[in-house]
Amino acid sequence: MTRNLQKNQREKTIIRASIIGIAANVFLAVFKAIIGFLSNSIAITLDAVNNISDAASSLITIVGAKLAAKRPDREHPFGYGRIEYMSAIIISVLVFYAGVTSLIESGKQILQPETPEYNTISLAILAVAVVVKIALGRYTKMVGERVNSDALINSGEDAKLDSVISASTLAAAGIFLTCQISLEAWLGAIISLVIIKAGLDMLKETISKILGERNDPELAKAIKHTVNGFPGVRGAYDLVLNNYGPNAWQGSIHIEVPDTYDANRLDRMLREIMVKVMEQHNVMLTAIGVYSYNTQDEEIIQTEKKVREIIFSHRYVRQIHGFYLTKESKNLRFDLVVSFDAPDRQAVFQEVVAHVQQQFPDYTLDVIMDTDFSGG
C-alpha cells in the first residue's frame, strides 16, 4: 500500500468514526434535553449540553482530518499533518469549558436547589445512554489508537467520562426516589471537576507533542536495528526524528562504515537504507551522515579499544562513536554521549577528555559532546 493510499484510508476511517460520534451524540442530546426539561433535572440537562459539545468535537475532528490530508505546498513543504494536533487542542478546550460551565450551573443549584421529578421512562432512557456512551467511547478510542489520531482518542476518553456522568446521574435519581435525598447539584459539581481535569490532561498531552517529545524508544530501536542490518554498517547513531503530524515522520541518522568504502558504494548503500526504513517504519530519512572507522592498521584498532576502556571507566558515559585516528597528523576524533542523569554533563565530558588526553599526550583530540535523542 502506497503512502498516499494509507493517508487516504486513514482520513476516511477518522471521518467515519467521527460521523458515528456526531449521530450518537445528537440523538442522546435530544432525548436528555427533553428528560431534563420534564424532570426539572440540572444534572440531566447539563449532560445533554455535554453531548452537544461532544458532537461539536467530532465535527472538529472531521475538519482537522480533512485539512491535515492536504498535500504539501510551497508555504508548507512538510505538509499539514500538525493541524490534527490543533483540532485535538480545540477539543480539549471544549471539554475544559464544558466542565467549567457545569461547575457554575451546579454551584447555582447548590445555592438555590430545585426538586427533580423522575419517571420510569426517563430513567430507562438514561440507562440506555450509559450503554451507548460506553460503546461509543470504546469504539472511538480503539479507532483513534489504530490510526494514531489524538483527536479521536480524546473524543473516546471524553465519551467514557460522559458514561460515568450519565451513570452518576442515574444513581442520584435512584437515591432521590428511594430516600428523597437530592444529591444532583453536589454530584454535578464533582462531575464538573472530573471533566475539567480531563480537559487539562488532554491539553497537556497534545501541547507536549507540538513542543516536541523525545523519540519514541521502540520506533528508534526498530529503525536502528534495520540500519544496523546492512552489511558494513558497524553502528547507527544520532537518530533524530521530527514529527509533522500523526504517522508523518522525517529524520536523520549517522552510520559507521569501513574507511575503505568509496563514494559510489556509499551512495548505493544510503539509498537502500532510506528505502528500507521508509518501507518498514514509514519514516523518511532526509539525511544520513557517515562516520568512517579504521580497518587497515592493527595498531590503530588496538588504540581504539584502549580509548574505549578509558572512556567507559567513567560513570554517566553512555556511548562513544565516530572514532577515527590519523597517524600522519596525530589526530584522534570521536563523539561522546553523556547521560542526562549526570549532575553536570559538561563536567563529565571534560573529565573524560582530559583522561584520554593524559594517556595520549602527543595527539590532538577533536571530541564532540553528543546527545542520544532516542535513548535519553
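Here goes a summary of the coordinates provided. (Residues numbered from 1 in each chain as written. Predicted model: local features only at pLDDT ≥ 70, side-chain atom pairs only at ≥ 80, totals over all residues. Heavy atoms only, no water.)

1. Observations concerning the overall build of the chain
What the chain contains, in helices and strands, is 10 helices and six strands. Each of the 376 residues in the chain was classed as buried or not, and the buried ones make up 47%. For the chain, the share of sequence-separated contacts (at least 6 apart) that also reach a separation of at least 24 residues comes to 70%. A total accessible area of about 19500 Å² is found for the chain, and carbon and sulfur atoms account for 60% of it. (Helix = DSSP H or I, 4+ residues; strand = E, 2+ residues; numbered from the N terminus. Buried < 20%, exposed > 50% of the residue type's maximum accessible area, 1.4 Å probe, protein only. Contact = heavy atoms within 4.5 Å. Areas by Shrake-Rupley, 256 points an atom, 1.4 Å probe, with all protein chains shown as cover.)

2. Describing the packing of helix H9 (residues 298–312) against helix H10 (residues 345–359)
Where H9 meets H10, the closest approach of the two axes is 9 Å, and the angle between their N-to-C directions is 140°. At the point where H9 passes H10, the crossing takes the right-handed sense. Contacts from Lys306, Ile310 and Ile311 in H9 reach Val352, His355, Val356 and Gln359 in H10. Looking at the contact of H9 with H10 residue by residue, the class counts come to four nonpolar, two polar and one charged. (Axes fitted to C-alpha atoms, helices over the stretch in contact; angles between N-to-C directions. Left-handed = near helix turned anticlockwise from the far one by under 90°. Nonpolar A, V, L, I, M, F, W, Y, C, P; charged D, E, K, R; others polar.)

3. Section: the packing of helix H7 (residues 217–228) against helix H8 (residues 263–281)
Here H7 crosses H8 at 140°, and the two axes come no closer than 10 Å. By the angle class used here, H7 and H8 are oblique. The crossing of H7 and H8 is right-handed. Contacts between H7 and H8 involve Leu219, Ala222, Ile223, Thr226 and Val227 on the former and, on the latter, Ile273, Lys276, Val277, Gln280 and His281. Among the residues forming the contact of H7 with H8, the class breakdown is six nonpolar, three polar and one charged. (Parallel < 35°, antiparallel > 145°, perpendicular 65-115°, else oblique.)

4. Concerning the sheet that holds strand S5 (residues 331–338)
Taken together, the three strands give an open sheet; going across it, the order is S4-S5-S6, and neighbouring strands pair in mixed fashion. Since the sheet does not close on itself, it has two edges, and those belong to strand S4 (317–326) and strand S6 (364–370), each with one partner. With strand direction ignored, the average angle separating the axes of adjacent strands in the sheet is 15°. Pairing between S5 and S6: seven bridges, direction parallel. Opposite Leu332, over in S6, you have Leu365 as the bridge partner. Across the sheet, H9 touches S4 and S5, and the angle it forms with S4 is around 155°. (Pairing = 2+ DSSP bridges.)

5. Focus: the packing of aromatic side chains
As enumerated under the stated definition, the model contains two aromatic pairs in all. Plain terms: the ring middles of Phe323 and Phe334 are 6.4 Å apart, the flat faces sit at 20° to each other, and that makes the pair stacked. Here Phe323, found in strand S4, pairs with Phe334, found in strand S5; they are 11 residues apart in sequence, far enough to count as distant. With a relative accessible area of 0%, Phe323 lands in the buried category. Taking 6.3 Å as the distance between ring centres and 85° as the angle between the ring planes, the aromatic pair formed by Phe360 and Tyr363 counts as edge-to-face. The two residues Phe360 and Tyr363 agree in class, both being buried. One residue, Lys276, lies across the ring of Phe230, its end atom 5.4 Å from the ring centre. A cation sits over an aromatic face here: Arg345 above Phe340, 4.4 Å from the ring centre. (Phe/Tyr/Trp six-rings, centres within 6.5 Å; stacked < 30°, edge-to-face > 60°. Lys NZ or Arg CZ within 6 Å of the ring centre and 35° of its normal.)

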